[in-house]
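Observations on chain architecture
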Amino acid sequence: MEKYCPQEIEKKWQTQWDKDGIYTTVDNVPDKKKYYVLEMFPYPSGNLHMGHVRNYSIGDVLARFKKMQGFNVLHPMGFDAFGMPAENAAIKHGVKPADWTYDNMDNMIRQQKQMGLSYDWNRLVQTCHPDYYRWTQYLFEVFYKKGLAYRKKATANWCDSCKTVLANEQVIEGRCWRCDSPVVKKDLTQWFLKITDYADTLLKDLDKLPGWPNRVKTMQDNWIGRSEGAEIIFEIPDFAEQVTVYTTRPDTAFGISYMVLAAEHPLVDKLIKGRNDESLIRSFIERVHNQSELDRTSDKSEKEGVFTGAYAINPFNGEKFPIWIANYVLFEYGTGAVMGVPTHDSRDWMFAGKYKLGKKIVITDAENQLTLDRMTDAYVDDGILVNSGEFTGMNNRKAIPAMIDWLEKNGCGKRRINYRLRDWLISRQRYWGAPIPVIYCEKCGTVLVPEKDLPVKLPEDVKFDPGVVSPLAHSEAFVNCTCPQCGGPAKRETDTMDTFICSSWYYMRYADAKNTKAPFDRALVNSWLPVDQYIGGIEHAILHLLYSRFFTKVLKDAGLVDFDEPFTNLLTQGMVIKDGSKMSKSIGNVVSPEEIIGKYGADTARLFILFAAPPERDLEWSDQGVEGAWRFLNRIWRIVLHFSTEIKENKQTDISLLTVKEKELRRILHVTIKKVTEDIAERSNFNTAISSIMELVNAFYAARDESLQAGLINETATDLLLLLAPFSPHITEELWQKLGKSDSIHKAAWPVYDVEATIADEVEIVVQLNGKVREKITVASQITADELKKQALELPRIKELTEGKTIIKTICVPKKLVNIVVK
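These remarks concern the structure in this document. Worth saying up front: this structure is predicted, and the values here are computed from it rather than measured.

**Some words on empty space enclosed by the protein**
Under the definition given, this model contains three cavities of 30 Å³ or more. The computed volume of the largest cavity comes to approximately 200 Å³. Residue assignment for the lining of the largest cavity shows that the elements contributing at least two residues are helix H3 (84–93), strand S6 (164–166) and strand S25 (496–497). Of the residues forming the lining of the largest cavity, the biggest block, three residues, is contributed by S6. Taken together, the residues of the lining of the largest cavity break down into eight nonpolar, six polar and five charged. Taken as a whole, the second largest cavity encloses approximately 40 Å³ of empty space. Along its surface, the second largest cavity is lined by Thr155, Lys185, Glu264, Glu293, Arg296, Leu330 and Glu332. Of the residues that constitute the lining of the second largest cavity, the class distribution is one nonpolar, one polar and five charged.

Given below as structure tokens:
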């Protein structure tokens with residue numbers, strides 16, 4: 001028998017598929033429903049890793065499966081090609097970022113083709129190509145014209161290693177999301193997108209996404225952070241000023257004993273000016289300003305503060321209380337001011353205890369047992385208001401709307417909905433990104449680059465010296481330009497856009513990747529989008545997925561698309577881990593995909609990575625598991641070629657002539673078709689689908705020495721290859737052709753199971769006595785409950801065990817068990 005040689009087979013078929021263009025997608029096929037499956041596109045780091053292999057294998061199975069089911073499938077690929085690593089390579093190796101990036105993309109495309117992935121490469125998207133970022137700039141201008149892009153001076157997260165600012169979402173536990181360096185604060189004039197205008201819609205429309213994991217929706221819900229409460233206005237009489245506080249707990253207002261301002265609050269300067277300890281306070285403010293957001297807000301961080309010397313007045317009772325500055329309040333959240341109620345907030349309790357500030361109970365338990373001398377922490381449960389003026393005696397939850405009504409009636413505050421979400425900071429002081437298409441003119445102010453002049457291309461004459469901030473600023477030819485409105489001298493914006501801008505709309509470009517007149521044709525994008533199945537890591541739950549939802553909603557409001565959510569279904573695959581840790585070059589536990597493909601072939605690599613764990617769980621790498629997948633493919637190779645003569649006869653199964661053993665083999669076949677179909681289509685349980693195929697192969701081997709009907713052999717082998725084709729495309733294509741089948745297996749129709757064939761003639765039933773298994777019995781599968789009980793009670797072993805006992809009842813579970821309850 002010819003030996004299974006994956007290296008020869010896989011290269012041959014990859015070349016043939018490419019030549020035949022079998023994965024080229026045609027738009028708008030009238031008699032087919034569309035199916036758009038997409039894996040998150042990679043950054044072109046240079047080489048694929050096993051996480052890529054897992055992600056792409058999942059998507060490829062779905063794409064091939066849907067195509068065989070008769071759908072018109074869109075399955076594209078591209079590269080998120082702007083970003084810091086290319087610039088770092090330019091600094092380290094003296095190469096141009098473009099050269100480094102395009103070389104890496106070429107290598108990764110070669111590796112993706114090695115895997116036999118069914119991408120339509122005619123739709124390749126590379127975000128660093130001017131043909132793409134021209135439209136990224138165009139979309140920025142759409143946002144600007146809708147009042148959703150603006151520039152302001154703000155305190156920004158600064159990564160000194162990357163020499164650029166970061167959005168809040170890109171700071172992970174106080175460190176840069178990309179290089180893991182500590183993040184500090186820096187005041188810069190930056191560009192923002194008003195994602196906060198869509199906060200409520202982004203939150204509400206999570207209900208439109210039943211196909212998303214609840215975990216991802218919860219993460220977005222928490223990040224948007226909607227809360228309902230009140231704004232309370234406090235007078236500062238000595239300074240003729242007011243300060244506004246947002247709180248979700250106005251019911252505790254009678255317990256205020258101090259107020260805290262953020263170090264960055266604009267009132268701070270006025271309150272401390274001229275004080276004897278002004279320099280000490282300013283030193284504290286500077287130290288707090290440079291602390292990371294995580295350090296300032298973490299429950300584990302020490303809460304520090306200084307007294308401003310100023311006092312505010314509580315509008316509810318006229319009491320005067322001190323105003324402090326503390327490190328745990330952020331100016332970006334709420335109003336930058338917080339009322340301190342130590343008895344009913346644990347953080348306030350700690351702060352008040354540290355600085356000897358007053359405490360007053362205003363909510364007590366039902367028994368009114370709370371006293372300050374017995375309290376060791378704040379009382380944060382619901383209860384009855386005390387020491388709260390006219391609201392005393394009310395349930396605190398019912399008091400909240402009543403107290404807000406009082407604020408509004410007396411002009412001291414109002415109802416307000418607040419969000420944790422902040423506007424998206426998109427400016428980056430780097431070269432390798434899409435230039436922001438804005439010109440600054442002394443006469444005309446801020447002017448958009450005219451659409452006809454897009455793209456604003458990246459210049460060649462830039463410096464990549466270590467430590468250079470904003471390399472574009474060093475290119476005089478880029479910076480100096482003419483104002484498109486008045487024709488006078490002007491300057492270009494030298495910041496580039498956050499790379500998450502590029503990835504927030506790329507999935508739309510695939511629908512019309514070659515369009516030179518617009519980002520995409522509206523009819524085409526509406527015919528393909530939204531994406532039916534999106535696949536990627538859970539780490540993108542906030543950044544990429546939230547931004548993409550925002551972009552889609554803005555583009556719908558701008559009339560560019562008809563849909564308002566980009567991804568109908570989302571699958572978040574787990575990591576690939578080895579020796580208990582995520583595969584990482586720094587740890588030294590990386591397994592190269594090319595190494596596995598070189599030794600075992602791409603089909604084995606794909607099969608193992610899909611079989612080893614459910615897709616949403618982390619996958620533990622196993623060399624033995626890879627070897628097992630290789631052995632399984634060899635078993636398929638041998639069994640199919642063993643029956644090649646019978647299969648080539650291409651006969652149909654004569655059901656009327658099947659023996660008992662043949663009926664059982666055919667039953668297992670059709671049960672497998674049903675299971676694999678449902679596992680892929682409904683549950684994305686690729687591991688259990690493969691397990692079912694393995695059981696079918698075992699049954700085929702067990703029956704190979706029988707005188708099997710040629711039609712049944714043909715049916716079993718043909719359907720076996722069809723079921724395996726999405727998982728291991730090369731070996732199935734080779735065997736398909738060896739068996740004399742016409743055209744590609746990947747153009748063949750997915751097998752349909754015969755319902756009647758899945759029903760067993762006989763089933764094995766467990767017989768229990770008081771819940772313990774005592775016997776087993778084989779009966780007709782269609783046996784009635786009464787007949788089953790009768791046969792169970794007639795069994796010699798059961799008669800013996802029930803002799804002299806009273807049978808209380810007999811419980812029947814059809815096709816599974818009989819439980820006889822005796823006393």
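**A closer look at the side chain of Asn418**
In this fold, Asn418 is placed in strand S18 (residues 413–418). A distance of 2.9 Å separates the side chain of Asn418 from the side chain of Arg416, its partner in a polar contact. Apart from residues no more than four positions distant in its own chain, Asn418 is found in contact with Gly225, Arg226, Ser227, Tyr246 and Gly334.

**As for unusual backbone geometry**
With an omega of 5°, the peptide bond between Leu454 and Pro455 qualifies as cis. Tracing the sequence through the fold places Pro455 in the loop between strand S22 (445–448) and helix H13 (476–479). That bond from Leu529 to Pro530 is cis: its omega, 5°, falls within 30 degrees of zero. Here Pro530 shows up in the loop between helix H16 (522–528) and strand S26 (531–537). The backbone phi angle of Asn387 is positive, close to 50°, even though this residue is not glycine. For Asn387, the location among the structural elements is in the loop between strand S17 (384–385) and helix H12 (396–409).

**Here we look at the side chain of Arg549**
Its location among the elements puts Arg549 in helix H17 (residues 543–557). For Arg549, a relative accessible area of 0% corresponds to the buried category. Here Leu202 takes part through its backbone oxygen, which lies 2.8 Å from a polar atom of the side chain of Arg549. Excluding anything up to four places from it in sequence, Arg549 contacts Thr201, Leu202, Asp205, Leu206, Leu209, Trp212, Gln220, Asp564, Glu565 and Pro566.

**Thoughts on the layout of surface pockets**
Each pocket or cavity is described by its volume, and for the second largest pocket that value is around 640 Å³. As for the second largest pocket, its lining consists of 33 residues, and the residues nearest its centre are Lys152, Phe331, Glu332, Arg422 and Asp423. Looking at the lining of the second largest pocket, the elements with two or more residues in it are strand S5 (149–159), strand S9 (183–193) and S18. When residues in the lining of the second largest pocket are grouped by element, the largest group, seven residues, is from S5.

Reading the values: the criteria
- Residues numbered from 1 in each chain as written.
- Predicted model: local features only at pLDDT ≥ 70, side-chain atom pairs only at ≥ 80, totals over all residues.
- Heavy atoms only, no water.
- 1 Å grid on protein atoms, 1.4 Å probe; cavity = no way out; pocket = protein on both sides within 12 Å on 5 of 7 lines; lining within 4 Å.
- Points joined across faces, edges and corners; volume = space filled by probe spheres on them.
- Helix = DSSP H or I, 4+ residues; strand = E, 2+ residues; numbered from the N terminus.
- Nonpolar A, V, L, I, M, F, W, Y, C, P; charged D, E, K, R; others polar.
- Polar contact = N/O pair within 3.5 Å; in protein donor to acceptor, adjacent residues only side chain to side chain.
- Contact = heavy atoms within 4.5 Å.
- Buried < 20%, exposed > 50% of the residue type's maximum accessible area, 1.4 Å probe, protein only.

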